[in-house]
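# Descriptive analysis of the structure
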Amino acid sequence: MPDATTTPILRPFRADDAAWLVERHATLYARDEGFDATFGPLVAEILSDFLASHDPERECGWIAEENGQRLGSIFCVAAAPETAKLRLFLLVPEARGKGLGKRLLTACLAFARAAGYGEMVLWTHESHRAACGLYRSFGWELTDSRPVRSFGVDLVEQSWKITL
């Protein structure tokens, strides 16, 4: 019997992806990181702002999908005229370790370069070791690291930057 599995695709984010993305962020971060109920509304606000006012020439979001199932996301948004910001990078657990994160990050960086940004920044937590390793392998540099209390837990917040 032939394998019905296809290669995951990257497609543009659509408004009907927002509820899924909020739910996955809230559920996975609560389960894996102990985040409280304030995280989901933050993701919802980020997506609402993106849908209401993003500049499609300079900002884009992608959804990774396979056989109609959403697997992850990544966004490039403007932080300043010359600086892009990576946001909402997520892979569901069953999609990790298959190179899909590299594909999402490559697409995001390529878009930022084509849009004319000179650098890209991101904010994350030290506990996201696999993602931080991926950033480092792409040439990102850790610019700041500090302990914080966010989303009901103690975290080590990190800022990263890459020259495009």
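Refer to the structure presented above.
Residues numbered from 1 in each chain as written. Predicted model: local features only at pLDDT ≥ 70, side-chain atom pairs only at ≥ 80, totals over all residues. Heavy atoms only, no water.

Take helix α1 (residues 18-33) next. With 16 residues, α1 should cover 22 Å at 1.5 Å per step; its first-to-last C-alpha distance of 21 Å lies within 8% of that length. All of the buried residues in α1 are A18, W20, L21, V22, R24, H25, L28 and Y29. Phi for G34, located one or two positions after α1, is positive at around 80°. (Helix = DSSP H or I, 4+ residues; strand = E, 2+ residues; numbered from the N terminus. Expected span 1.5 Å × (residues − 1). Buried < 20%, exposed > 50% of the residue type's maximum accessible area, 1.4 Å probe, protein only.)

Moving on to the sheet that holds strand β7 (residues 153-163). Spatially, β1-β2-β3-β4-β5-β7-β6 is the arrangement adopted by the seven strands of the open sheet, whose pairing is mixed. Edge positions in the sheet fall to β1 (9-12) and β6 (141-150), since each has one partner strand and no second. Going from strand to strand, the sheet's axes swing by 25° on average, the running direction of each strand aside. One ladder, built from seven bridges, connects strand β3 (residues 69-80) with strand β4 (residues 83-91); its direction is antiparallel. If you follow F75 over to β4, its bridge partner there is R87. Contacting β2 (60-66), β3, β4 and β7, α1 crosses the sheet at an angle of about 70° to β4. (Pairing = 2+ DSSP bridges. Axes fitted to C-alpha atoms, helices over the stretch in contact; angles between N-to-C directions. Contact = heavy atoms within 4.5 Å.)

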